[in-house]
Amino acid sequence: MEPFDIRPLGSSFGAEITGIDVRTMDDPAAAALHAAIDAHRVVVIRGQSLSPEAQKRFSRRLGPLVTLPYVKPLDGHPEVIAVLKEADEVKVSTFGSWWHADFSYLEEPPVYSILHALELPPKGGDTLFADLCTAYDALSSGMRRMLDPLQVMHSGFVYGTRTAVDGERGRARGVVISRGNADADVERAHPLVRFHAPTGRKALFASPTYTTRLADMTAEESRPLLEFLYGHMARPEYTLRQRWQPGDLLVWDNRAVNHLAVNDYDGYRRLLHRTTAGRERPAAAPT
Ligand code: SIN
């Protein structure tokens, strides 16, 4: 029997977990939770109350903590960032407001992202997820055969340049983003179809936020295929909506899902603490 209660959230992915306090769980419970995250790929653990230090302790159970390029962390906690939009910030763009897998342009992108809800708007401010394994499986066999060997280029440099679709007057000031990072300002090739070892499934690995083009092709040549894939991945039947509750601790697996923050709560403050754990070089499925 699991050391917590678990129920599925979406038809193909996502689960809600109750009945566990991650601050006091023992090693077998932590291992069961890790296995549930790998299997369901998006897991919300309800009713947690974590200081930045406690969130880091929990996150380390999933892998070594990752510090993020471009984003200013909390004072005294280089591995924690505040995802914040203040009530007086209207018509500004928020952090992560278009589809992406976190920092996919790094040589070894982060595996798990962890968000803890501290202050929520009374309505709106949800986070959407797209199941990239099920989206891959739904493609025709001819399309899958064509995509399997392809590589795509990712870059951090393009963040916010093509995708500021949700704001007219710059970005929310709560997340301070710098420019100029030698490790992130390059284009890096990764397989378009990535192997998700915990489930043995294949997942599409591209996003309109960070993918610049197919390897060995121009951006213009790449656009029709990539636009098709972005539309396909975001079809409602592959998505899941996280409606935040106070105390939620949400973990997702960037190897197998894309996500976006819905920026529809102007006039209200929203604050979450975010950590990132584990790194993995994306690999194609073994043949
Ligand atoms: C992100 O980490 O991309 C932001 C998610 C959110 O604010 O809901």
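Preceding block: the structure.
Described in the following lines is the structure provided in the data block. (Residues numbered from 1 in each chain as written. Predicted model: local features only at pLDDT ≥ 70, side-chain atom pairs only at ≥ 80, totals over all residues. Heavy atoms only, no water.)

## What to know about the sheet that holds strand β6 (residues 127-131)
Line of reasoning, step 1. On the basis of which strands lie adjacent, the open sheet formed by three strands has the order β12-β6-β14 and antiparallel pairing. Each having just a single partner strand, β12 (239-242) and β14 (257-261) make up the two edges of the open sheet. Across this sheet, the average inter-strand angle for adjacent strands is 20°, counted without regard to direction.
Line of reasoning, step 2. By the bridge criterion, four bridges tie β6 to β12 in an arrangement that is antiparallel. By the bridge assignment for β12, Ala130 is matched with Thr239. (Pairing = 2+ DSSP bridges. Helix = DSSP H or I, 4+ residues; strand = E, 2+ residues; numbered from the N terminus. Axes fitted to C-alpha atoms, helices over the stretch in contact; angles between N-to-C directions.)

## Focus: the nonpolar core
Line of reasoning, step 1. Core analysis: the largest hydrophobic core is formed by 26 residues, its most contacted members being Leu139, Leu147, Leu192, Leu204, Leu229 and Met233.
Line of reasoning, step 2. Looking at this core, the elements that each hand over two or more residues are β6, α3 (132-137), α4 (141-147), β10 (201-204) and α5 (219-233).
Line of reasoning, step 3. Among the elements that make up this core, the one with the highest residue count is α5 (five residues).
Line of reasoning, step 4. If you look at the next biggest cluster of nonpolar residues, it comprises 25 residues, including Tyr105, Leu106, Ala117 and Val175. (Core = buried A, V, L, I, M, F, W, Y, C linked by side-chain atoms within 4.5 Å. Buried < 20%, exposed > 50% of the residue type's maximum accessible area, 1.4 Å probe, protein only.)

## Thoughts on the sheet that holds strand β7 (residues 151-155)
Line of reasoning, step 1. Judged by pairing direction, the sheet is antiparallel, and its three strands sit side by side in the order β8-β7-β11 without closing on themselves. Each edge of the open sheet carries a strand with a single partner, namely β8 (187-191) and β11 (211-214). Each strand axis lies, on average, 35° off the axis of its neighbour in the sheet, ignoring direction.
Line of reasoning, step 2. With three bridges joining them, β7 and β11 adopt antiparallel strand pairing.

## As for the site of the ligand
Line of reasoning, step 1. The environment of the ligand is made up of Val83, Phe95, Gly96, His100, Leu115, Thr127, Trp252, His259, Ala261, Arg270 and Arg274.
Line of reasoning, step 2. Within the side chain of Thr127, a nitrogen or oxygen atom sits 2.6 Å from an oxygen atom of the ligand.
Line of reasoning, step 3. Between an oxygen atom of the ligand and a side-chain N or O atom of Arg270, the distance comes to 2.8 Å.
Line of reasoning, step 4. Surface burial for the ligand is 100%, taken as the share of its 260 Å² of free accessible area covered by protein chains.
Line of reasoning, step 5. Elements that contribute at least two residues to the shell around the ligand include exactly β14 and β15 (270-279).
Line of reasoning, step 6. A class-by-class count of the residues in the shell around the ligand yields five nonpolar, four polar and two charged. (Near = heavy atom within 4 Å. Polar contact = N/O pair within 3.5 Å; in protein donor to acceptor, adjacent residues only side chain to side chain. Areas by Shrake-Rupley, 256 points an atom, 1.4 Å probe, with all protein chains shown as cover. Nonpolar A, V, L, I, M, F, W, Y, C, P; charged D, E, K, R; others polar.)

## As for the pattern of salt bridges
Working definition: two side chains of opposite charge can pair if their charged atoms are close together.
Line of reasoning, step 1. Applying the stated criterion across every chain yields a total of 26 salt bridges.
Line of reasoning, step 2. The partner of Arg255 in a salt bridge is Asp38, with the nearest N and O atoms 3.3 Å apart. Here the residue Arg255 occupies a position in the loop between β13 (249-253) and β14, and Asp38 occupies one in helix α1 (residues 27-40), the gap between them amounting to 217 residues. Asp38 shares its class with Arg255; the two are buried.
Line of reasoning, step 3. Asp248 serves as the salt-bridge partner of Arg46, at 2.7 Å between the closest nitrogen and oxygen. Note that Arg46 is positioned in the loop between β3 (42-45) and α2 (52-60) and Asp248 in the loop between β12 and β13, a separation of 202 residues in sequence. (Salt bridge = Lys/Arg side-chain N within 4 Å of Asp/Glu carboxyl O.)

## Examining the packing of aromatic side chains
Line of reasoning, step 1. On inspection of all chains with the given rule, the structure shows four aromatic pairs.
Line of reasoning, step 2. Following the ring pairs from residue to residue traces out a cluster consisting of Tyr70, Phe103, Tyr105 and Tyr210.
Line of reasoning, step 3. The ring centre of Tyr265 lies 4.5 Å from the NZ or CZ of Lys85, which sits over that ring.
Line of reasoning, step 4. When the ring centre of Phe205 is taken as reference, the NZ or CZ atom of Arg194 above it lies at 4.6 Å. (Phe/Tyr/Trp six-rings, centres within 6.5 Å; stacked < 30°, edge-to-face > 60°. Lys NZ or Arg CZ within 6 Å of the ring centre and 35° of its normal.)

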